[in-house]
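# Survey of secondary and tertiary structure
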Amino acid sequence: MPRRYLSCFSSNLSFPPGPKGLPVLGNLLDLNGSQPWISFTQWASTRGDVIYCRLFGRQIIVLQSQEVAKALLEHRSSIYSDRPPLSTIKAIGSEFNSAQLRYSDEWRLHRRIFHQSFRPEAAKDYLPLQLRKARQLLQGIIESPERYQRHIELFASSVIMSAVYDYEAKLNDDPLLLTAEKAIKVFLEMASPKTSAILETFPFLLRLPSWFPGASFKRLAIQSQKNAAAMVNIPFHYARERAMTATSNQCMISESFKRLDTRGNADEFELALKSSSATAFIAGVETTASTITVFVLAMMLYPDVQKRAQDEIDAVIGDQLPTFEDRSSLPYVEAVLRETLRWHPVFPLGLPHYTTDSDVYNGHHIPKDAIVMANIWAMSKDELQYPNPDDFKPERFFMADGQLNDDTVDFPFGFGRRVCVGKYFADASLWISIASLLAVFRFMKPLDNEGKEIDPIFQWSTGLISHPESLPCRVNPRHPDMTAHKLADLIDLSA
Ligand code: HEM
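The sections below set out a description of the structure shown in this document. Quick caveat: nothing in here was measured; it's all calculated off a predicted structure. (Residues numbered from 1 in each chain as written. Predicted model: local features only at pLDDT ≥ 70, side-chain atom pairs only at ≥ 80, totals over all residues. Heavy atoms only, no water.)

This next bit is on the environment of phenylalanine 324. Relative to the elements of secondary structure, phenylalanine 324 occurs in the loop between α15 (303-317) and α16 (331-343). Using a relative accessible area of 15% as the deciding quantity, one classes phenylalanine 324 as buried. Along the chain, phenylalanine 324 and glutamine 130 lie 194 residues apart, while their C-alpha atoms are 9.6 Å from each other. Residues in contact with phenylalanine 324, not counting those within four places in the same chain, are Leu127, Gln130, Leu131, Ala428, Trp431 and Ile432. (Helix = DSSP H or I, 4+ residues; strand = E, 2+ residues; numbered from the N terminus. Buried < 20%, exposed > 50% of the residue type's maximum accessible area, 1.4 Å probe, protein only. Contact = heavy atoms within 4.5 Å.)

Structural data, given as structure tokens:
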């Protein structure tokens with residue numbers, strides 16, 4: 001009897017199909033360690049949209065289509081809403097992270113706090129702030145276009161700092177932003193699929209004395225704990241103080257304290273609020289900044305798309321700057337945003353879910369305590385839904401009558417009860433930044449020594465989040481007479 005059947009004790013059903021693995025390493029040798037979503041997508045091509053594999057003794061189910069992810073993660077969410085227990089969480093000081101909490105009352109409290117601040121109706125309160133930050137982004141880029149990627153990162157982090165803590169970050173070397181960015185960098189390094197798999201399998205690496213030769217993980221972990229403590233505590237105390245003395249503008253912290261139910265446990269609530277605020281930063285900054293960078297890449301590679309979006313903006317709002325009121329009048333810009341999210345999803349495997357019970361799907365056994373991953377990458381490359389998926393083609397979102405279709409590209413934000421809680425906020429940040437950048441700048445390929453355009457040379461980051469690193473791009477104002485001064489006047493006029 002095949003090994004696959006033998007290992008399936010709880011029923012006579014087989015596991016879903018998957019590559020044959022070695023006894024200890026499982027399917028590790030078949031896996032592209034820095035971009036596992038690509039291997040998973042290849043495995044799916046001959047095996048269907050639910051794949052089973054083993055890595056380092058863990059059972060892993062990969063869901064390759066939106067249909068199956070919805071069928072399991074949404075429609076059977078009572079079984080699929082946990083997160084895997086990871087021994088690295090404590091070691092790197094990340095116990096506070098709402099996104100990694102087990103499916104529990106503690107997670108429910110975090111989720112409620114998030115939901116109250118970022119549900120669609122509440123997220124609208126942040127639109128003026130997002131508009132203001134998008135304009136700061138334009139000002140930053142016009143002053144130093146060569147640092148455009150840094151300005152995008154600053155936009156993504158300062159918009160969250162303001163929304164969560166009502167903290168107005170300085171444009172240069174803001175101490176709170178630097179602390180948080182440092183923490184995120186180490187977290188992402190430690191949480192990359194490759195590193196976390198190594199640490200889960202060889203946990204002693206985290207117990208070696210930090211002076212021990214080769215104990216780099218241990219040293220990183222200690223660094224990470226320190227960074228995490230600073231990132232969680234410092235901005236929270238700042239915001240709490242202001243909320244208590246009623247000097248704070250509207251933000252997640254001040255609004256949550258106003259809503260504090262005095263019948264509940266105040267300490268528990270405060271800890272949950274502190275933790276979820278820091279999580280918003282970790283979850284929201286890299287994802288947002290990376291998506292905007294993917295947009296820049298697409299504009300460079302597809303100048304006709306860029307021009308069509310800019311023509312639409314010119315026709316609808318002339319030489320003003322876009323506001324959220326213009327959104328419904330700019331369908332092509334809307335399609336550019338959808339296509340950006342689809343063309344290169346920056347969070348290609350999202351976050352792992354974990355089964356709390358066994359299940360049967362399409363005649364296959366899904367075990368309890370299995371890691372379940374939604375392969376967002378594979379969904380974005382679904383040839384049936386998105387023909388020629390590697391092409392950046394916003395036109396795919398229009399129906400024959402010229403209206404936008406109803407595919408709002410939600411899958412990059414995940415599924416079920418653990419779906420991204422910041423998705424409406426992220427959507428608004430992305431739309432206003434993209435529309436504003438299109439209105440003011442042209443993004444062009446770099447030039448070679450002879451002044452000829454060349455394709456940009458860059459690398460995709462590896463790890464949890466995938467984005468172009470050090471992407472060379474010529475960013476020029478679309479109108480030669482647009483100067484920093486003129487832009488400032490335009491911003492003042494429209495304020
Ligand atoms: C382009 C931007 C973003 C993308 C692509 C994105 C994507 C995702 C994905 C794929 C997940 C995992 C969902 C699942 O488990 O099925 C997630 C979870 C999460 N996201 Fe986002 N996200 C973005 C921005 C944000 C922002 C701005 C915030 C906060 C303001 C945020 C907060 C969270 C939180 C707290 C979770 C964990 C939810 C839970 O475990 O219950 N995200 N996000």
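So that's the structure; there's more coming.
Before going further, it helps to spend a moment on the layout of surface pockets. Roughly 630 Å³ of volume is contained in the second largest pocket. Lys185, Leu188, Glu286, His467 and Glu469 are, among the 21 residues lining the second largest pocket, the residues nearest its centre. Going through the elements one at a time, α9 (148-165), α10 (175-191) and α14 (266-301) are the ones with two or more residues in the lining of the second largest pocket. Along the lines of polarity and charge, the residues of the lining of the second largest pocket split into six nonpolar, eight polar and seven charged. (1 Å grid on protein atoms, 1.4 Å probe; cavity = no way out; pocket = protein on both sides within 12 Å on 5 of 7 lines; lining within 4 Å. Points joined across faces, edges and corners; volume = space filled by probe spheres on them. Nonpolar A, V, L, I, M, F, W, Y, C, P; charged D, E, K, R; others polar.)

The subject of this paragraph is the pattern of salt bridges. In the structure shown here, the tally under the stated rule is 24 salt bridges. With a shortest N-O distance of 2.8 Å, glutamate 339 and arginine 342 are connected by a salt bridge. Remark: arginine 342 and glutamate 339 occur in helix α16; sequence separation between them is three residues, near one turn of the helix. Across this residue pair, the class does not change: glutamate 339 and arginine 342 are buried. Here aspartate 481 ties to lysine 486 by a salt bridge, and the two come within 3.3 Å at their closest N and O atoms. Assessed through its relative accessible area of 47%, aspartate 481 is described here as partly exposed. Residue lysine 486 is classed as partly exposed on the basis of its relative accessible area, which comes to 39%. (Salt bridge = Lys/Arg side-chain N within 4 Å of Asp/Glu carboxyl O.)

Moving on: the site of the ligand. The local shell around the ligand holds 28 residues, among which Arg83, Trp107, Arg111, His353 and Cys420 are the closest. At 3.0 Å from an oxygen atom of the ligand is found a main-chain nitrogen or oxygen belonging to phenylalanine 415. Contributions of two or more residues to the shell around the ligand are made by α6 (105-118), α14 and α18 (423-440). The dominant element in the shell around the ligand, judged by the number of residues it contributes, is α14, at six residues. Residues that form the shell around the ligand fall into these classes: 17 nonpolar, eight polar and three charged. (Near = heavy atom within 4 Å. Polar contact = N/O pair within 3.5 Å; in protein donor to acceptor, adjacent residues only side chain to side chain.)

Glancing now at the packing of α14 against α15. It is at 5 Å that the axes of α14 and α15 come closest, and there the two elements cross at 105°. In terms of orientation, α14 and α15 fall into the roughly perpendicular class. Of α15, the residues touching α14 (which contributes Met299, Met300 and Leu301) are Pro303, Val305 and Gln306. Partitioned by chemical class, the residues of the contact of α14 with α15 number five nonpolar, one polar and no charged. (Axes fitted to C-alpha atoms, helices over the stretch in contact; angles between N-to-C directions. Parallel < 35°, antiparallel > 145°, perpendicular 65-115°, else oblique.)

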